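Structure at a glance
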Amino acid sequence: MKTSLLGFLFIVLIAGCSPTEKNNSGKLQVVTTTGMLYDAVINIAKDKVAAQALMGPGVDPHLYKATQGDLSKLNQADLIIYNGLLLEGKMGDILQKLGRVKSVYAAAENIPQNQLLSSVQYENAYDPHIWFDVNMWKGAVGRISEVLQKVDSTNAEFYASNTTKYLKRLDSLHAYVDSTIATIPKQQRILVTAHDAFRYFGRAYNIRVEGLQGISTVSDFGLRDIAQITDLIIENKVKAIFVETSVSDRAIKAVMQGCNERGHNVTIGGYLYSDAMGEFGTPEGTYVGMVERNVQTITESLK
Ligand SMILES: [Zn+2]
(Lines give C-alpha, C1' and ligand atoms only; values in the text may rest on other atoms or scores of the structure.)
Protein backbone atom coordinates (compact mmCIF):
# COMPACT_ATOMS: atom_id res chain seq x y z
CA MET A 1 0.00 0.00 0.00
CA LYS A 2 2.77 2.34 1.00
CA THR A 3 4.69 1.64 -2.20
CA SER A 4 1.72 2.15 -4.46
CA LEU A 5 0.89 5.43 -2.76
CA LEU A 6 4.48 6.58 -3.26
CA GLY A 7 4.31 5.52 -6.90
CA PHE A 8 1.11 7.47 -7.35
CA LEU A 9 2.57 10.55 -5.69
CA PHE A 10 5.57 10.34 -7.95
CA ILE A 11 3.42 10.22 -11.07
CA VAL A 12 1.56 13.29 -9.79
CA LEU A 13 4.93 14.82 -9.09
CA ILE A 14 6.42 14.42 -12.54
CA ALA A 15 3.23 15.12 -14.48
CA GLY A 16 3.18 18.55 -16.04
CA CYS A 17 6.65 19.74 -15.15
CA SER A 18 9.18 20.65 -17.76
CA PRO A 19 12.85 20.95 -16.84
CA THR A 20 13.54 24.67 -17.10
CA GLU A 21 10.13 26.19 -17.48
CA LYS A 22 9.69 29.36 -15.46
CA ASN A 23 6.54 30.03 -13.49
CA ASN A 24 4.11 32.98 -13.86
CA SER A 25 6.41 35.45 -12.08
CA GLY A 26 9.01 34.75 -14.77
CA LYS A 27 11.55 33.99 -12.08
CA LEU A 28 13.41 30.73 -11.84
CA GLN A 29 11.87 28.63 -9.05
CA VAL A 30 14.65 27.22 -6.89
CA VAL A 31 14.04 24.77 -4.06
CA THR A 32 16.83 23.78 -1.69
CA THR A 33 16.81 21.22 1.09
CA THR A 34 18.74 23.02 3.85
CA GLY A 35 18.73 26.68 4.84
CA MET A 36 22.49 26.93 4.25
CA LEU A 37 21.97 26.07 0.58
CA TYR A 38 19.11 28.55 0.33
CA ASP A 39 21.36 31.25 1.77
CA ALA A 40 24.03 30.52 -0.85
CA VAL A 41 21.43 30.75 -3.64
CA ILE A 42 20.16 34.11 -2.33
CA ASN A 43 23.66 35.55 -2.07
CA ILE A 44 24.36 34.58 -5.68
CA ALA A 45 21.01 35.19 -7.34
CA LYS A 46 19.43 37.87 -5.08
CA ASP A 47 15.90 38.64 -6.33
CA LYS A 48 16.41 37.14 -9.80
CA VAL A 49 15.05 33.82 -8.51
CA ALA A 50 12.19 32.75 -6.28
CA ALA A 51 13.95 30.49 -3.77
CA GLN A 52 12.74 28.49 -0.83
CA ALA A 53 14.21 25.94 1.58
CA LEU A 54 12.33 22.82 2.63
CA MET A 55 14.07 22.54 6.01
CA GLY A 56 13.67 25.49 8.35
CA PRO A 57 15.29 26.36 11.69
CA GLY A 58 15.75 23.45 14.11
CA VAL A 59 15.09 20.81 11.45
CA ASP A 60 17.36 17.75 11.36
CA PRO A 61 18.20 16.87 7.72
CA HIS A 62 19.33 13.31 8.59
CA LEU A 63 15.82 12.39 9.69
CA TYR A 64 13.82 14.65 7.41
CA LYS A 65 11.13 13.11 5.23
CA ALA A 66 9.46 15.06 2.44
CA THR A 67 5.92 16.12 3.29
CA GLN A 68 3.01 16.39 0.87
CA GLY A 69 3.67 20.15 0.74
CA ASP A 70 7.31 19.53 -0.11
CA LEU A 71 6.35 17.25 -2.99
CA SER A 72 4.30 20.02 -4.50
CA LYS A 73 7.15 22.55 -4.06
CA LEU A 74 9.60 20.09 -5.65
CA ASN A 75 7.13 19.49 -8.44
CA GLN A 76 6.92 23.20 -9.25
CA ALA A 77 10.67 23.83 -8.96
CA ASP A 78 12.81 24.57 -12.02
CA LEU A 79 15.96 23.81 -10.10
CA ILE A 80 16.51 21.69 -6.98
CA ILE A 81 19.71 21.93 -4.96
CA TYR A 82 20.57 19.52 -2.18
CA ASN A 83 23.68 19.02 -0.09
CA GLY A 84 24.52 15.44 -1.05
CA LEU A 85 26.93 12.96 0.63
CA LEU A 86 23.79 11.35 2.08
CA LEU A 87 22.98 14.28 4.36
CA GLU A 88 19.36 14.11 3.23
CA GLY A 89 19.30 10.37 3.96
CA LYS A 90 15.53 9.92 3.77
CA MET A 91 15.07 11.98 0.60
CA GLY A 92 17.51 10.06 -1.60
CA ASP A 93 14.89 8.22 -3.65
CA ILE A 94 12.78 11.28 -4.34
CA LEU A 95 15.79 13.37 -5.36
CA GLN A 96 17.05 10.63 -7.62
CA LYS A 97 13.68 10.24 -9.35
CA LEU A 98 13.29 13.99 -9.80
CA GLY A 99 16.78 14.12 -11.28
CA ARG A 100 15.50 12.16 -14.27
CA VAL A 101 12.99 14.84 -15.21
CA LYS A 102 14.41 18.14 -14.02
CA SER A 103 17.56 19.97 -12.91
CA VAL A 104 18.66 18.47 -9.60
CA TYR A 105 22.18 19.10 -8.31
CA ALA A 106 24.17 18.25 -5.20
CA ALA A 107 26.21 21.19 -3.92
CA ALA A 108 28.90 18.81 -2.67
CA GLU A 109 29.42 16.98 -5.95
CA ASN A 110 32.55 18.83 -7.11
CA ILE A 111 34.42 18.81 -3.82
CA PRO A 112 37.53 16.68 -4.42
CA GLN A 113 37.33 13.34 -2.65
CA ASN A 114 40.69 13.81 -0.99
CA GLN A 115 39.29 16.79 0.92
CA LEU A 116 36.39 14.77 2.33
CA LEU A 117 36.48 12.93 5.64
CA SER A 118 35.26 9.35 5.67
CA SER A 119 32.14 8.59 7.61
CA VAL A 120 32.88 6.89 10.92
CA GLN A 121 29.44 5.26 10.88
CA TYR A 122 28.87 4.15 7.31
CA GLU A 123 31.16 2.26 4.99
CA ASN A 124 32.04 3.90 1.66
CA ALA A 125 30.43 7.16 2.72
CA TYR A 126 31.73 10.62 3.54
CA ASP A 127 30.95 13.10 6.26
CA PRO A 128 28.32 15.43 4.75
CA HIS A 129 28.81 18.44 7.10
CA ILE A 130 30.89 20.39 4.58
CA TRP A 131 29.59 23.85 5.59
CA PHE A 132 31.70 23.86 8.76
CA ASP A 133 34.95 24.39 6.89
CA VAL A 134 34.33 27.79 5.31
CA ASN A 135 36.94 27.13 2.61
CA MET A 136 35.26 23.88 1.69
CA TRP A 137 31.85 25.57 1.64
CA LYS A 138 33.28 28.00 -0.90
CA GLY A 139 33.54 25.00 -3.22
CA ALA A 140 29.85 24.28 -2.72
CA VAL A 141 28.95 27.94 -3.32
CA GLY A 142 31.02 27.86 -6.52
CA ARG A 143 29.13 24.77 -7.68
CA ILE A 144 25.74 26.37 -6.94
CA SER A 145 26.83 29.43 -8.91
CA GLU A 146 27.86 27.30 -11.92
CA VAL A 147 24.51 25.53 -11.84
CA LEU A 148 22.54 28.78 -11.63
CA GLN A 149 24.54 30.24 -14.52
CA LYS A 150 23.86 27.16 -16.61
CA VAL A 151 20.14 26.85 -15.88
CA ASP A 152 19.46 30.60 -16.08
CA SER A 153 22.04 31.81 -18.60
CA THR A 154 20.32 35.20 -19.12
CA ASN A 155 21.49 36.25 -15.66
CA ALA A 156 24.83 34.43 -15.74
CA GLU A 157 26.96 37.57 -15.55
CA PHE A 158 24.99 38.90 -12.59
CA TYR A 159 25.41 35.58 -10.78
CA ALA A 160 29.13 35.42 -11.52
CA SER A 161 29.78 38.91 -10.19
CA ASN A 162 27.76 38.33 -6.99
CA THR A 163 29.63 35.08 -6.47
CA THR A 164 33.00 36.79 -6.66
CA LYS A 165 31.90 39.29 -3.98
CA TYR A 166 30.38 36.62 -1.75
CA LEU A 167 33.44 34.38 -1.94
CA LYS A 168 35.52 37.33 -0.71
CA ARG A 169 33.12 37.68 2.23
CA LEU A 170 33.68 33.98 2.97
CA ASP A 171 37.44 34.50 2.85
CA SER A 172 37.18 37.04 5.64
CA LEU A 173 34.80 34.75 7.56
CA HIS A 174 37.37 31.94 7.32
CA ALA A 175 40.10 34.23 8.64
CA TYR A 176 37.81 35.38 11.49
CA VAL A 177 37.02 31.80 12.57
CA ASP A 178 40.66 30.82 12.38
CA SER A 179 41.97 33.72 14.48
CA THR A 180 39.12 33.56 17.03
CA ILE A 181 39.37 29.83 17.74
CA ALA A 182 43.14 30.30 18.10
CA THR A 183 42.51 32.56 21.13
CA ILE A 184 41.32 29.50 23.13
CA PRO A 185 44.33 27.99 24.95
CA LYS A 186 45.40 24.81 23.14
CA GLN A 187 44.65 22.40 26.02
CA GLN A 188 41.11 23.82 26.38
CA ARG A 189 40.32 23.52 22.68
CA ILE A 190 37.94 20.53 22.90
CA LEU A 191 34.47 20.78 21.45
CA VAL A 192 31.95 18.25 22.81
CA THR A 193 28.61 18.18 20.98
CA ALA A 194 25.56 15.94 20.62
CA HIS A 195 26.34 14.60 17.14
CA ASP A 196 29.47 14.58 15.06
CA ALA A 197 28.74 17.57 12.83
CA PHE A 198 31.93 19.48 13.54
CA ARG A 199 34.73 17.26 12.22
CA TYR A 200 35.49 19.54 9.24
CA PHE A 201 35.38 22.48 11.63
CA GLY A 202 37.85 20.73 13.92
CA ARG A 203 40.22 19.92 11.07
CA ALA A 204 40.08 23.39 9.54
CA TYR A 205 40.42 25.40 12.73
CA ASN A 206 42.58 23.16 14.87
CA ILE A 207 40.13 22.22 17.61
CA ARG A 208 39.53 18.67 18.84
CA VAL A 209 35.89 17.59 18.36
CA GLU A 210 33.98 14.80 20.08
CA GLY A 211 30.39 14.00 19.18
CA LEU A 212 28.14 11.64 21.08
CA GLN A 213 26.02 10.37 18.28
CA GLY A 214 28.16 9.88 15.23
CA ILE A 215 27.83 11.66 11.92
CA SER A 216 24.15 10.99 11.44
CA THR A 217 21.49 11.34 14.11
CA VAL A 218 19.70 8.24 12.77
CA SER A 219 21.38 5.90 15.24
CA ASP A 220 20.94 6.68 18.92
CA PHE A 221 23.70 7.07 21.49
CA GLY A 222 24.40 4.35 24.07
CA LEU A 223 25.44 4.32 27.71
CA ARG A 224 28.97 3.43 26.63
CA ASP A 225 29.21 6.58 24.54
CA ILE A 226 28.10 8.63 27.52
CA ALA A 227 30.66 6.96 29.80
CA GLN A 228 33.47 7.52 27.27
CA ILE A 229 32.68 11.17 26.75
CA THR A 230 32.31 11.70 30.50
CA ASP A 231 35.79 10.24 31.06
CA LEU A 232 37.23 12.46 28.36
CA ILE A 233 35.64 15.59 29.83
CA ILE A 234 36.91 14.85 33.34
CA GLU A 235 40.39 13.88 32.13
CA ASN A 236 40.77 17.06 30.12
CA LYS A 237 38.96 19.32 32.62
CA VAL A 238 36.58 20.49 29.88
CA LYS A 239 34.57 23.48 31.17
CA ALA A 240 31.64 23.45 28.78
CA ILE A 241 29.80 21.16 26.37
CA PHE A 242 27.29 22.12 23.71
CA VAL A 243 23.76 21.36 22.60
CA GLU A 244 22.60 21.75 19.01
CA THR A 245 19.47 23.50 17.74
CA SER A 246 18.52 20.60 15.47
CA VAL A 247 19.26 17.67 17.82
CA SER A 248 17.60 16.68 21.11
CA ASP A 249 19.54 17.92 24.17
CA ARG A 250 18.80 14.67 26.09
CA ALA A 251 22.23 13.14 25.47
CA ILE A 252 24.26 16.21 26.37
CA LYS A 253 22.22 16.69 29.55
CA ALA A 254 22.94 13.05 30.51
CA VAL A 255 26.67 13.69 30.02
CA MET A 256 26.50 16.85 32.13
CA GLN A 257 24.76 14.93 34.90
CA GLY A 258 27.32 12.11 34.70
CA CYS A 259 30.19 14.59 35.09
CA ASN A 260 28.52 16.42 37.96
CA GLU A 261 27.89 13.12 39.79
CA ARG A 262 31.61 12.42 39.58
CA GLY A 263 32.44 15.82 41.02
CA HIS A 264 33.40 17.61 37.81
CA ASN A 265 31.32 20.66 37.08
CA VAL A 266 30.69 21.07 33.39
CA THR A 267 28.22 23.60 32.04
CA ILE A 268 26.17 23.77 28.87
CA GLY A 269 28.09 26.30 26.81
CA GLY A 270 25.05 27.15 24.72
CA TYR A 271 23.26 26.15 21.55
CA LEU A 272 25.23 25.63 18.37
CA TYR A 273 23.71 25.82 14.92
CA SER A 274 24.87 22.54 13.45
CA ASP A 275 22.63 21.18 10.69
CA ALA A 276 20.16 24.07 10.54
CA MET A 277 20.46 27.86 10.67
CA GLY A 278 18.56 30.19 13.00
CA GLU A 279 15.26 31.93 12.22
CA PHE A 280 15.17 33.66 8.83
CA GLY A 281 15.44 37.42 9.29
CA THR A 282 17.86 37.15 12.25
CA PRO A 283 21.68 37.27 11.92
CA GLU A 284 21.85 33.52 12.70
CA GLY A 285 19.39 32.90 9.88
CA THR A 286 22.26 33.41 7.41
CA TYR A 287 25.25 31.17 6.84
CA VAL A 288 27.77 33.85 7.81
CA GLY A 289 25.75 34.75 10.93
CA MET A 290 25.38 31.14 12.04
CA VAL A 291 29.10 30.48 11.76
CA GLU A 292 29.97 33.71 13.58
CA ARG A 293 27.52 32.96 16.39
CA ASN A 294 28.84 29.40 16.81
CA VAL A 295 32.40 30.67 17.03
CA GLN A 296 31.43 33.27 19.65
CA THR A 297 29.51 30.68 21.70
CA ILE A 298 32.39 28.18 21.56
CA THR A 299 35.10 30.72 22.33
CA GLU A 300 33.28 32.43 25.22
CA SER A 301 32.53 29.08 26.91
CA LEU A 302 35.87 27.34 26.48
CA LYS A 303 38.28 30.19 27.19
ZN1 LIG B 1 24.42 16.23 11.07
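Residues numbered from 1 in each chain as written. Predicted model: local features only at pLDDT ≥ 70, side-chain atom pairs only at ≥ 80, totals over all residues.

Focus on the environment of Leu87
Quick reminder of the rule: Here a strand is any run of E in DSSP of at least two residues, a helix any run of H or I of at least four, and the numbering for each starts at the N terminus. Here a residue counts as buried when 20 or more other C-beta atoms fall within 10 Å of its C-beta, as exposed when 12 or fewer do, and as partly exposed in between; the C-beta atoms come from the backbone. Residue pairs are scored as contacts if the distance between their C-beta atoms, which are placed from the backbone, is within 7 Å.
Position of Leu87 among the secondary structure elements: in the loop between strand 3 (79-82) and helix 4 (92-99). For Leu87, a count of 25 C-beta atoms within 10 Å translates into the label buried. Sequence separation of Leu87 and Tyr105 is 18 residues, and the distance between their C-alpha atoms is 14 Å. Other than its neighbours up to four places away in sequence, Leu87 contacts Pro61, His62 and Pro128.

A few points about unusual backbone geometry
We note that Lys46 has phi near 50 degrees; this positive angle belongs to a residue other than glycine. Non-glycine residue Leu86 carries a positive phi angle of around 65 degrees. Relative to the helices and strands, Leu86 is located in the loop between strand 3 and helix 4.

Some details on the domain arrangement of the chain
What counts here: Either an automatic procedure or a domain database provided the assignment from which the domain bounds are taken. Three classes are used: nonpolar for Ala, Val, Leu, Ile, Met, Phe, Trp, Tyr, Cys and Pro, charged for Asp, Glu, Lys and Arg, and polar for all others, with Gly counted as polar.
Taken domain by domain, the chain consists of domain 1 (2-177) and domain 2 (180-302). Using only C-alpha atoms to locate each centre, domain 1 and domain 2 end up separated by 26 Å. With 31 residues of domain 1 at the interface, the matching set in domain 2 holds 30 residues. When residues of the side of domain 1 that touches domain 2 are traced back to their parent elements, those giving at least two are helix 2 (35-45), helix 5 (134-151) and helix 6 (156-181). Grouping the constituent residues of the side of domain 1 that touches domain 2 by class yields 17 nonpolar, nine polar and five charged.

Concerning the packing of helix 6 against helix 10 (residues 287-302)
Under the convention used in this document: For helices, the fitted line uses only the C-alpha atoms of the stretch in contact; every axis is such a line through C-alpha atoms, and the angle between N-to-C directions lies from 0 to 180 degrees. Each angle is binned into one of four classes, with values under 35 degrees roughly parallel, values over 145 roughly antiparallel, values of 65 to 115 roughly perpendicular, and all other values oblique.
It is the contact of helix 6 with helix 10, at a shortest axis distance of 10 Å, that shows an interaxial angle of 5 degrees. Here helix 10 runs roughly parallel to helix 6, going by the angle between their axes. Facing helix 6, whose interface residues are Arg169, Leu173, Val177, Thr180 and Ile181, helix 10 presents Val288, Val291, Val295 and Thr299. For the contact of helix 6 with helix 10, the residue count by class is six nonpolar, two polar and one charged.

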